[in-house]
Amino acid sequence: MNLSRTSCPAGVKRRPTGSCTLTTRPTDAPSPQRTYGLLRRWILLVISSLALVCSWQGSAHANSPQLAFELNNLIPTAVKTPKIESALSQWLAATRATTDGVAAEVPLQLINQADGMVQVVVEAVPGREAEAAAAVRGVGGRIEYIFSNLIQAMVPFAALEALAESDTVMMVRRPHHAWAYAVTEGATLSGAQAWQQAGITGSGVKVGIVDLGFEGYQALVGRELPPSSRVVYRNFSSITCTGISSCRHGTAIAEIIYDLAPDSTLYFAEARTELEIISATSWLVQQGVHVVNMSMGNAAWGPGDGTGIISQAITDAVSSGIFWVNAAGNYGQRHWAGMWSDPDGDRWMNFQGNQEWNWLTAGSQRLIPAGTFINVVLRWDDSWNGSCNDYDLYVLYLDPLIGHIIGPTIVGSSTGQQACSPAHRPMEQISGFAPLTGYYAVALRAGDVLPPSPRRVELFVRDVQLEQYVLSASISPPADTPSAFSVGAVAWNSPNDIEPYSSQGPTRDGRIKPDIVAPAGVSTASYGPQGFAGTSAAAPHVAGAAALVKQANPSWGPTQIRQFLESRAVDLGTPGKDNVFGAGRLSLGQPGTSPTPTPSPTPSPTPPPTPTAPPSPPALVSIQPHDLQRARVTWVQSQGQVVTFYRLCADFNFQFDSPFVSCRDIPISEAQGQLLVGVPSWDLGVVYYRLQACNQLGCSQQVRAGAVARRIWPSSNDWNFYMTAIDTVGFTRVAVMNVSPVPGKVSDLSVWDGLAGWGGALVNVCRNVAPGSVCGPFTFRSGSWFASASQDFPPYGQAGVGVLVRTSGG
């Protein structure tokens, strides 16, 4: 967590992360980076010498590293201190290695330090909380918060082991920090403007925001935020988030809520750790807040079944009458789950075949720059309070030049002990900044002391992605809380398609989550045009909408507001509530008071409305793969329009001026916001689509519905894929599907801005995509008239195809 600190102890400097580190390191304790750097220089020198007498081709390894070794060549040193978290134990060991005993730096393990103190959570023996608090004070600690048997405190560096020795203490660990799921476009899409025009603006409704930072909000008061008389701020952290992008996170959320409910009163509660969030929640209840938004979470907060101390605090808040809105999380491509597998018995987990690691990627690239934040949480199915199965978590580093020669090195580890103690949870966590530019991977290992029985294991990562990921069950605490209204994300300019990062259900205990989806990728003053993405941006649209519903129906509680929002949502995906879209996309419809409209027992036929003019064109049109033979065109029709049918036209030419243009009319009953269109069956085939809305008085202007392009070369069993692409106000949206008929024939699919191989810029790469699976969709600001996609079967090479998405004439 990048948080400002006031000062550091003598001989220690403050890092940009907010922690403190030695300004000098004694010669008898070289840093891991320095040791590795010396080894790297020596090997490069040897390679350079060999290059004089032989030809060595190393560039291929730098572009696509191939590990030709097994991880059992690594001999990890597990630090298992029963009552001190692994990261703190590593830090203590590193401190002892220094000559002056000052706190040292541990790679990929952030420790919040200031003024000779370290921030910790002390888990007291139940019933002995007062004695444990006295033990904290007895070693010179400063208590910040107490909740149940948890004590958050600043404790002197040298006193951690003495504190852990107290028989009143079960565990000393770092706090589990909240991670952000970092008039708008969403206000129009949600239908809030119709409510505002009807005089429903959130007046009299109090909306709370629990977030890690509200930097810059003062400058927006009275402009992008309510006047100061309707903004209340309180900081529950001992420090204030400043200086980094995520510190504006809460401010951007407040902007969205203000856009939807401009007359509401906003309560800003800055909090990061579990105990700070619980205290902030209690304060919001005391203030009589009606709606709360929290666009944060942490997979370490619970087992995934809706339990945990944060979930309990949310449940209590909802019981008091608060409607709690929580971002579902951005773990769609940052989550992996599967049963423990170790066929060769070397204690290292096999992710796929013989591969005992899962690459971390930065967008489309495996190469991760130094300084990239890496946060990895490992969980497994076991008793949350008393795990008896011991697994360890490692982050590996592979040098881009010599890694294929010397193999990987361990740069981060979390090796806490799980031995059935009530404080031993089935969870390990690594968080910190990449020390070097190179390739990084996650590896899991069974503990040495108590060999575990096979369990279902899960990985969650932040700020990077997993090359092998599992969308299902990627929902993160506390969005899994039954009483929380959890929100997934769709792009504002493609509102019928789920964003690939949006976390999906089910929960560990089988419940459907998220509950609804809402727009993301919207504009705010804090993050700029279309700069606020993630479920963080989707959730406040729902919170703002809930404030309008609350004003219109003051007597309604959380249950009625939930029922209303779900009943008005635009159903997407599988009919009914599902684990991708929940009840559907947020849509308030026309102002009303009935949460579950009940039809009359004897309804009378309603004559169709008589149009007075041709309808307006379909809006927010998009296209993406549907199955092996069809793509799906989606759109939104403006409310109040009389549409009786849609006209879909197709041509091989972008300008629709060829003699092969064909059109067909589809009745409104068969075109409820989406249509399935064909995919070319020939190599390099491209078909462009246009769409019109029509009634008996005429049709709207044609709008582009995107293009579908196919590669099938030289036969269907070889390169075989298709892409969809469309341009929307300067943004291009592309998706690719592997349509190989060969079961298990995975391939790497790439999306390009421009033409691949002809100056195009790589946008993203999806590796090991199975037949029938999709890469994307990816939305990006395009610098080219073209978009393209390619399919790669290493080492056989790649084939590509491209389409026009715009011309100088539009």
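What you see is a predicted model, and the numbers here were worked out from it, not measured in a lab.

**A look at the overall build of the protein chain**
Assigned secondary structure in the protein chain consists of 14 helices and 44 strands. Per-residue burial over the protein chain gives 58% buried out of 810 residues. By element, 54% of the accessible surface of the protein chain is carried by carbon and sulfur atoms, the whole surface being about 30500 Å².

**Re the nonpolar core**
In terms of nonpolar packing, the biggest core is built from 53 residues, with F268, V542, L565 and L588 touching the most fellow members. The leading source of residues in this core is helix 13 (residues 535-552), at ten residues.

**What about the pattern of salt bridges?**
Enumeration according to the criterion identifies 26 salt bridges in this entry. A salt bridge links R272 to E270; its shortest N-O distance comes to 3.2 Å. You can call E270 buried: its relative accessible area is 1%. Across the pair R632 and D497 runs a salt bridge whose closest N-O atoms are separated by 3.3 Å. With a gap of 135 residues between them, R632 in strand 31 (residues 630-636) and D497 in strand 26 (residues 494-498) connect regions that are remote in the sequence. Using a relative accessible area of 14% as the deciding quantity, one classes R632 as buried. What you see here is one network of salt bridges that share partners, running through K513, D515, R562, E566 and K577.

**Digging into the packing of helix 9 (residues 249-260) against helix 13**
Contact geometry for helix 9 and helix 13: axes closest at 8 Å, N-to-C directions at 35 degrees. Between helix 9 and helix 13 the crossing geometry is right-handed. Seen from helix 9, the contacting residues are H249, I253, I256, I257 and L260; seen from helix 13, they are S536, A537, P540, H541, A543, G544, A545 and L548. Residue classes in the contact of helix 9 with helix 13 are distributed as nine nonpolar, four polar and no charged.

**Quick look at the state of the cysteines**
The bond known as a disulfide is covalent and runs between the sulfur atoms of two cysteines. What the rule picks out here adds up to five disulfides. In this model, C388 is linked to C420 through a disulfide, with the two sulfur atoms separated by 1.9 Å. Linking C388 and C420, the disulfide has an S-S dihedral of approximately 140 degrees and is accordingly described as right-handed. With a gap of 32 residues between them, C388 in the loop between strand 18 (373-380) and strand 19 (391-398) and C420 in the loop between strand 20 (409-414) and strand 21 (427-433) connect regions that are remote in the sequence.

**Considerations on the confidence of the model for the protein chain**
Summary statistics for the protein chain give a mean pLDDT of 84 and a share of 86% for residues scoring 70 or more. Considering only residues more than four positions removed or in separate chains, one finds that residues 1-32, a stretch of pLDDT under 50, has 81 contacts. Confidence over residues 44-64 falls short of pLDDT 50; this stretch has 15 contacts with residues more than four positions distant or in other chains.

**Some details on unusual backbone geometry**
Note: most peptide bonds trans; most residues except glycine with negative phi. The amide bond that connects W713 to the next residue, P714, takes the cis arrangement and shows omega of -15 degrees. Although it is not a glycine, R347 sits at a positive phi angle of roughly 80 degrees. Relative to the helices and strands, R347 is located in the loop between strand 15 (335-339) and strand 16 (358-361). With phi around 55 degrees, F656 is a residue other than glycine that occupies positive phi space. With respect to the element layout, F656 can be found in the loop between strand 32 (645-651) and strand 33 (662-667).

**What to know about the packing of aromatic side chains**
Both the distance between ring centres and the angle between the ring planes are used here to describe each pair of aromatic rings. Using the criterion set out here, one finds 24 aromatic pairs in the structure. Taken together, a centroid distance of 5.2 Å and an interplanar angle of 90 degrees make the contact between Y217 and F268 edge-to-face. Of this pair, Y217 sits in helix 8 (residues 217-220) while F268 sits in strand 11 (residues 265-270), and the two are 51 residues apart along the sequence. Judged on exposure class, the residue Y217 and its partner F268 are both buried. An aromatic cluster of three or more residues is present, and its members are F214, Y217, Y233 and F268. It is R445 that lies over the ring of W348; its NZ or CZ is 5.6 Å from the centre. For the cation-ring pair, K745 lies above F793, with the distance from its terminal atom to the ring centre recorded as 4.8 Å.

**Here's the deal with the pairing of strand 39 (residues 731-738)**
For strand 39, the tally of buried residues reaches eight of eight residues, placing the bulk of the element in the interior. Alternating positions in strand 39 separate into two faces, F731, R733, A735 and M737 on one and T732, V734, V736 and N738 on the other, with burial throughout. Direction of pairing for strand 38 (residues 719-728) relative to strand 39: antiparallel, over a ladder of eight bridges. Residue pairing across strands places T728 opposite F731, the latter belonging to strand 39. Counted between consecutive antiparallel strands, the loop separating strand 38 from strand 39 contains two residues, among which V729 sits at a positive phi close to 40 degrees. With six bridges connecting them, strand 39 and strand 42 (residues 774-781) associate as antiparallel partners. Its bridge partner being in strand 42, V734 is matched across the sheet by F778.

**So, helix 13**
For helix 13, which comprises 18 residues, the first-to-last C-alpha distance of 26 Å matches the rise-based estimate of 26 Å (1.5 Å per residue) to within 8%. When you tally the buried positions in helix 13, you get 16 out of 18 residues, the bulk of the element.

**Topic: the sheet that holds strand 18**
The antiparallel open sheet is built from four strands, whose spatial order is 15-23-18-21. Across the chains shown, the open sheet's two edge strands, defined by having one partner strand only, are strand 15 and strand 21. Averaged over all pairs of adjacent strands, the angle between strand axes in this sheet comes to 10 degrees, irrespective of strand direction. The pairing of strand 15 with strand 23 (residues 456-462) spans five bridges and is antiparallel. The residue bridging M339 from the neighbouring strand is R456, located in strand 23.

**Observations regarding the sheet that holds strand 34 (residues 674-678)**
Within a beta sheet, neighbouring strands are joined by backbone hydrogen bonds and run either parallel or antiparallel to one another. A sheet is described by the order of its strands in space; here three strands give the open sequence 30-31-34, paired in antiparallel fashion. Each of the sheet's edge strands pairs with one partner strand only, and the pair in question is strand 30 (619-625) and strand 34. In this sheet, adjacent strand axes meet at a mean angle of 25 degrees when their direction is disregarded. With five bridges joining them, strand 31 and strand 34 adopt antiparallel strand pairing. In the sheet register, V633 faces strand 34, and the bridge partner there is L675.

**Points about the pairing of strand 23**
For a regular strand, side-chain orientation follows a simple rule: the groups alternate between the two sheet faces. Most of strand 23 is tucked away, with six of its seven residues classed as buried. Alignment of strand 18 against strand 23, held across six bridges, turns out to be antiparallel. Bridging across to strand 23, W380 finds its partner in V457.

**Brief notes about the environment of A261**
Tracing the chain through its elements places A261 in the loop between helix 9 and strand 11. A261 gets classed as buried once you look at its relative accessible area, which sits at 0%. A C-alpha to C-alpha distance of 8.1 Å links A261 and I200, two positions 61 residues apart in sequence. Beyond its immediate chain neighbours, meaning those up to four positions away, A261 contacts Q196, T201, G202, G544, A547 and L548.

Here is what the cut-offs are and how they apply
- Residues numbered from 1 in each chain as written.
- Predicted model: local features only at pLDDT ≥ 70, side-chain atom pairs only at ≥ 80, totals over all residues.
- Heavy atoms only, no water.
- Helix = DSSP H or I, 4+ residues; strand = E, 2+ residues; numbered from the N terminus.
- Buried < 20%, exposed > 50% of the residue type's maximum accessible area, 1.4 Å probe, protein only.
- Areas by Shrake-Rupley, 256 points an atom, 1.4 Å probe, with all protein chains shown as cover.
- Core = buried A, V, L, I, M, F, W, Y, C linked by side-chain atoms within 4.5 Å.
- Salt bridge = Lys/Arg side-chain N within 4 Å of Asp/Glu carboxyl O.
- Axes fitted to C-alpha atoms, helices over the stretch in contact; angles between N-to-C directions.
- Left-handed = near helix turned anticlockwise from the far one by under 90°.
- Contact = heavy atoms within 4.5 Å.
- Nonpolar A, V, L, I, M, F, W, Y, C, P; charged D, E, K, R; others polar.
- Disulfide = S-S within 2.5 Å.
- pLDDT = per-residue confidence, 0-100.
- Phe/Tyr/Trp six-rings, centres within 6.5 Å; stacked < 30°, edge-to-face > 60°.
- Lys NZ or Arg CZ within 6 Å of the ring centre and 35° of its normal.
- Pairing = 2+ DSSP bridges.
- Expected span 1.5 Å × (residues − 1).

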